[in-house]
Amino acid sequence: MELFNLKHHDEKVSFAQAVVRGIGRDQGLFFPDHIEPFSQEKIEELLKLPLVQRSQIILRHLIGDELPELEQIIADAFCFDAPIVPAGDRIFCLELFHGPTLAFKDFGARFLARVLSAVRGDKHLTILTATSGDTGAAVADAFYGQKGIDVVVLYPDGRISSLQEKLIATLGGNIHAVRVKGIFDQCQDLVKTAFDDTEFKARIGLNSANSINIARLLAQVTYYFEAVSQLKSGRDKVVFSVPCGNFGDLTAGLIAKALGLKARFVIACNANDTVPRYLQSGTWDPHKTVATLSNAMDISRPNNWPRVEALVKMQGWSLKDFAYGSLNDEQTEQAMREIYKNSGYHAEPHAAIACACLKNTLKDDEVGIFLGTAHPAKFKSEVDRILGIDEALPKQLQEKALLESRSDLIDPDYETLKALVLKELKL
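So, here is what we can say about the structure in this document.

Thresholds applied
- Residues numbered from 1 in each chain as written.
- Predicted model: local features only at pLDDT ≥ 70, side-chain atom pairs only at ≥ 80, totals over all residues.
- Heavy atoms only, no water.
- Buried < 20%, exposed > 50% of the residue type's maximum accessible area, 1.4 Å probe, protein only.
- Helix = DSSP H or I, 4+ residues; strand = E, 2+ residues; numbered from the N terminus.
- Contact = heavy atoms within 4.5 Å.
- Core = buried A, V, L, I, M, F, W, Y, C linked by side-chain atoms within 4.5 Å.
- Pairing = 2+ DSSP bridges.
- Right-handed = clockwise from strand over helix to strand, strands pointing away.
- Salt bridge = Lys/Arg side-chain N within 4 Å of Asp/Glu carboxyl O.
- Axes fitted to C-alpha atoms, helices over the stretch in contact; angles between N-to-C directions.
- Phe/Tyr/Trp six-rings, centres within 6.5 Å; stacked < 30°, edge-to-face > 60°.

**Section: helix α16 (residues 380-387)**
Turning to step 1, where the next piece is worked out: Regarding α16, the residues found buried are Val383, Asp384, Ile386 and Leu387.
Turning to step 2, where the next piece is worked out: The elements touched by buried residues of α16 are α14 (329-343).
Turning to step 3, where the next piece is worked out: Note on α16: the residue one or two positions beyond its end, Gly388, has a positive phi of about 70°.

Written out as structure tokens, the structure is:
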């Protein structure tokens, strides 16, 4: 698989090189300049297969001859289901929270962890990642205990749920949790600055597990096929509504579309609505990030948007093809209550936004699928309050809730972060 730096097209790398480097020169994202589609006959064959076998074919098609162990990596990583569950008339939720940390990030993080282990050789790696909620937990779990790899997770202090924090800050060992006095965008900026520090990057073997890493994106392509495979009818009239923060999930869905999956997409945002406003006005004008109920979407400068635009251009699509919407917190709560009243489905804030935006655009002959990116119990206090229920904690969260969180608190200052990382790694 040949990938190019979107900022410097002369920088070309293989899939393995892109995974190890994470990001290119001048913080450019790695991306292919061509995606070979499957025939529709092949798509139909794929949709008859189980998740793991289908994913092995899709990812081998994308990645090519690299990684002889790819099929085993996929079998190890995708060891849980992703069911579609009815949540209204012709509306389903693709539940992506049946993995070990109860979030969709488990797909990408587990795949990335195994790929990195396969390609790193004897080189020590340090994973530096920023999270607005679920990425950190999935990455921490996926890499926990792996020899030769340390993980540093940055998250905005007080802006992720207590249970999300428990999944990150209770592991210890090779997992280092860092609370940042600020917002997610500042955490993300610290990661970007570290990648521009050539000496530091080389010294600690820096890598990222955010959705800027191409391995994360490719893993997520597979569950769009899985969703369609479970439909008994309407497979050629599918609409996916994606709750968007960093736009990695949408990018993965568009790669699935480029491969030949028939679908259109709805961009669902919260009050941090940079992209919906851009699509409406043509002006890129990020506002200051605001804290919301749907904290994993509290991102004003989405890293993966350049990939979306590159893919749209590559495929000859138009940005006008996207439906889009955004909800504030009051509208999000109302959406949660309506979904529960009409279908009995327990939607947490992110899923509720995606569902509401889907309903606003779904046509009579279409089937809608919104992405359920996190288990509602990860937002138990909000879900209980808004729906008037007592959301049961899954076993994973029951165990974590009893543990003490351990993390370092820093200002959003790069030199402070750098000193802390060197201290933690004893370098």
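**A word on unusual backbone geometry**
Turning to step 1, where the next piece is worked out: Here the phi dihedral of Gln27 falls at roughly 65°; this positive angle occurs in a residue that is not glycine.
Turning to step 2, where the next piece is worked out: In this structure, Gln27 sits in the loop between α1 (15-21) and β3 (30-31).
Turning to step 3, where the next piece is worked out: Look at Leu67: it is not a glycine, yet its phi comes out positive at around 60°.
Turning to step 4, where the next piece is worked out: Tracing the backbone shows Leu67 in the loop between α3 (51-63) and α4 (70-77).
Turning to step 5, where the next piece is worked out: Taking relative accessible area as the criterion, Leu67 reaches 8% and is therefore assigned buried.

**Focus on the nonpolar core**
Turning to step 1, where the next piece is worked out: In terms of nonpolar packing, the biggest core is built from 100 residues, with Phe15, Phe111, Phe143, Tyr224, Phe240, Leu250 and Ile267 touching the most fellow members.
Turning to step 2, where the next piece is worked out: Here this core gets eleven residues from one element, more than from any other, and that element is helix α10 (residues 214-229).
Turning to step 3, where the next piece is worked out: Discounting chain neighbours no more than four positions away, the residues touching Tyr224 are Phe240, Val242, Asp249, Leu250, Ala252, Gly253, Ala256, Leu261, Phe265 and Leu371.
Turning to step 4, where the next piece is worked out: Core analysis: the next-biggest nonpolar cluster, separate from the first, contains 32 residues, Ile91, Cys93, Ile353 and Cys355 among them.

**Description of the sheet that holds strand β1 (residues 2-5)**
Turning to step 1, where the next piece is worked out: Spatially, β2-β1-β3 is the arrangement adopted by the three strands of the open sheet, whose pairing is antiparallel. Of all strands in the sheet, those bounded by a partner on one side alone are β2 (12-14) and β3.
Turning to step 2, where the next piece is worked out: Of the strand pairs in this sheet, β1 and β2 are connected by three bridges, and their pairing is antiparallel. The partner of Leu3 across the bridge, within β2, is Val13.

**Side note on the pairing of strand β11 (residues 264-269)**
Turning to step 1, where the next piece is worked out: Judged by how many residues are buried, β11 sits mostly within the fold: five of six residues are covered.
Turning to step 2, where the next piece is worked out: When strand β10 (residues 238-243) meets β11, the two strands line up parallel, connected through five bridges. For Val239, the partnering residue across the bridge sits in β11 and is Arg264.
Turning to step 3, where the next piece is worked out: Once you follow β10 into helix α11 (residues 248-258) and on to β11, the crossover reads as right-handed.

**Focus: the pattern of salt bridges**
Turning to step 1, where the next piece is worked out: Enumeration over the complete set of coordinates arrives at 18 salt bridges.
Turning to step 2, where the next piece is worked out: Between Arg25 and Asp10 there is a salt bridge; the shortest N-O distance is 3.3 Å. Linking Arg25 in the loop between α1 and β3 with Asp10 in the loop between β1 and β2, this pair joins segments that are 15 residues apart in sequence.
Turning to step 3, where the next piece is worked out: A salt bridge links Arg264 to Glu366; the nearest nitrogen and oxygen atoms lie 2.8 Å apart. One end of the pair, Arg264, is in strand β11; the other, Glu366, is in the loop between α15 (349-359) and β13 (367-372), with 102 residues separating them in the sequence.
Turning to step 4, where the next piece is worked out: When its relative accessible area of 7% is taken as the criterion, Glu366 is described as buried.
Turning to step 5, where the next piece is worked out: Connected through salt bridges with shared partners, the residues Asp10, Glu11, Arg21 and Arg25 form a single ionic network.

**Side note on the sheet that holds strand β4 (residues 84-86)**
Whenever strands of a sheet pair, they do so through backbone hydrogen bonds, lying parallel or antiparallel.
Turning to step 1, where the next piece is worked out: Read across the open sheet, the six strands follow the order β4-β5-β13-β10-β11-β12; overall the sheet is mixed. In this open sheet, the two edge strands, each paired with only one partner strand, are β4 and β12 (323-326). Ignoring strand direction, the axes of neighbouring strands in this sheet form an average angle of 25°.
Turning to step 2, where the next piece is worked out: Inspection of the sheet shows β11 paired to β12 by four bridges, in the parallel sense. Each bridged residue has a counterpart across the sheet, and for Ile267 the counterpart in β12 is Tyr324.

**Observations concerning the packing of aromatic side chains**
Turning to step 1, where the next piece is worked out: Taken as a whole, this structure holds 14 aromatic pairs when the rule is applied.
Turning to step 2, where the next piece is worked out: Consider the rings of Tyr223 and Tyr224, whose centres lie 5.5 Å apart with planes at 35°: the pair is tilted. Here Tyr223 and Tyr224 have matching classes, each one buried.
Turning to step 3, where the next piece is worked out: With a centroid separation of 5.7 Å and 20° between ring planes, the pair formed by Phe240 and Phe265 is classed as stacked. Linking Phe240 in strand β10 with Phe265 in strand β11, this pair joins segments that are 25 residues apart in sequence. The same class applies to Phe240 as to Phe265, namely buried.
Turning to step 4, where the next piece is worked out: Taken together, the ring pairs in this structure connect Phe78, Phe80, Phe107, Phe111, Tyr223, Tyr224, Phe240 and Phe265 into an aromatic cluster.

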